[in-house]
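This is what each chain is made of:
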Amino acid sequence: MKNSLLATAFLVFLLTLLPACFGKEKIASAPSPVETAANPPNSFKLGLPINCTLGQDCFIMHYVDRDPSPTEVDFGCGRQTYDGHNGVDFAIPDERVMAAGVAVKAAAAGKVLRVRDGVSDRRVADQTDKANVQGIECGNGIVIDHGNGWQTQYCHLRNGSVVVKPDTSVAAGTVLGMVGESGLASFPHVHLTVRYQDKVVDPFVGANAGPGCNVSRQALWQQPISYVPTGTIRAGFATQPPDMAAIWSGRFSETELPKNSPALIFWVQAYGVLKGDRQEFQLIAPDGKPFAVRKQELQSSSRAWLSYVGKRASANQPLTAGVWRGEYRLIRNGKVLIDVKREVQLR
């Protein structure tokens, strides 16, 4: 990085996840009773499958793909999904949070049909990694039968964390294990698939709905869940250009840095950015003066995305001690969707 250089980078990271638990294995279901007015299919309700607060310490990275063609669309008519994705991905910020432990919970009461544990946690980064998990794409996972034709699947749990056994009954909210990155996972999350009579059901829409996003919705959630197709994952400061792998690992979370650092970079990781979105960066020095400013229209869309702005220290322009501030906004059609402010102390 040259002296006084303003550096901005975009990284599009293709996230691929398991479309079905336990790879190609098929879980047999008992015959379902005929549905009646007293027992309609959408009377089945789900709680969150993860112990967190959406929008605070976790978020939904991907929704069910509702387009049967090679293109994709989520229930909100957005693109925060990918072709063939058959579940909802409840994600946590990084591997440090994963190591601390975030519980995966039974979304409804039922009987455990099958479990798998012992698959290592390793982010899939390329085709070689993908080949290494062929046949065990779900990683460590669980299938629960809820009766009346309903089943739920939970994938990518942390290695060694599964605490339930087959043929045991669980109540809604029972801890099943911990969020992980086992199998075909590119970030820490739990993948939830819901099935009714062996067919995938989008829990934001309900059973027996047709394809596409312009359909009648009877969501299965006990409590409404807002559709948030764009948001912040993490933001912070670094002394070198970050990449997506480092951010997912939990690096660059410091709130204090030495003033003799070789550079100061303010970075933002987000999900669901679209071509045409406008970003605005500011890195502000302790004296209140803008040290680096960037305004730019995004040229491509990305489900997972990283951008940063920064400057290298030099003899003529050293980094001064004090509180530095980073500010970032993502604007779409005149509406601010992401508004991030962070501070770091240089000593």
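Look up: the structure comes first, before these words.
Along each chain, numbering runs from 1 in the same order as the chain's sequence is written. The model is predicted, so local features are restricted to residues of pLDDT at least 70 and side-chain atom pairs to those at 80 or more, both for listing and for counting; the totals for chains, interfaces and linings are taken over all residues. Heavy atoms from the whole structure form the basis of all side-chain values; hydrogens and water molecules are not counted.

Trainee: What should I look at first to understand the overall build of the protein in this one?
Mentor: Helix and strand content of the protein: 3 helices and 19 strands. Exposure classes here rest on a 1.4 Å probe applied to the protein chains alone. A residue is buried below 20% of its type maximum, exposed above 50%, and partly exposed in between. In the protein, buried positions account for 50% of the 347 residues. What makes two residues a contact is simply this: any of their non-hydrogen atoms within 4.5 Å. Long-range contacts, defined here as pairs at least 24 residues apart, represent 74% of the contacts in the protein between residues at least 6 apart. Helix numbers and strand numbers start at the N terminus; a helix is a DSSP run of H or I with at least 4 residues, a strand a run of E with at least 2.

Trainee: Just checking my understanding: could you explain unusual backbone geometry for this structure?
Mentor: A positive phi is found at D198, a non-glycine position, where the angle reads about 70°. Secondary-structure assignment places D198 in the loop between β10 (189-196) and β11 (199-201). Its identity is not glycine, yet F252 carries a phi of approximately 65°, on the positive side. Looking at the secondary structure, you find F252 in the loop between α3 (244-249) and β13 (256-257).

Trainee: Hey, could you run me through the pairing of strand β19 (residues 335-346) in this one?
Mentor: For a regular strand, side chains alternate in direction, first toward one face of the sheet and then toward the other. Here, any two strands with at least 2 DSSP bridges between them count as paired. Of the strand pairs in this sheet, β13 and β19 are connected by 2 bridges, and their pairing is parallel. Counterpart to L257 in the pairing with β19 is L346. Examined bridge by bridge, strand β18 (residues 322-332) and β19 share 11 bridges and lie antiparallel to one another. Bridging from a neighbouring strand, R325 pairs with E343 of β19. Adjacent in sequence and paired antiparallel, β18 and β19 are bridged by 2 residues, among which N333 carries a positive phi angle near 50°.

Trainee: For this particular structure, what's the right way to read the sheet that holds β13?
Mentor: Pairing between sheet strands relies on hydrogen bonds along the backbone, with the strands arranged either parallel or antiparallel. Strands sit in the order β13-β19-β18-β15-β16 across an open sheet of 5 strands; the sheet is mixed. Looking along the sheet, the strands with just one partner apiece sit at the ends: β13 and β16 (290-297).

Trainee: Before we go on, may I ask you to explain the state of the cysteines in this structure?
Mentor: A covalent bond bridging the sulfur atoms of two cysteines is what the word disulfide describes. Our working definition of a disulfide is a cysteine sulfur pair at a distance within 2.5 Å. A full pass over the atoms with the stated rule returns 3 disulfides. In this model, C77 is linked to C213 through a disulfide, with the two sulfur atoms separated by 2.0 Å. Taking the sign of the S-S torsion, about 100° here, the bridge from C77 to C213 comes out right-handed. Taken together, the residues span a long stretch of sequence, with C77 in the loop between β2 (59-62) and β3 (88-91) and C213 in the loop between β11 and β12 (231-238) at a distance of 136 residues.

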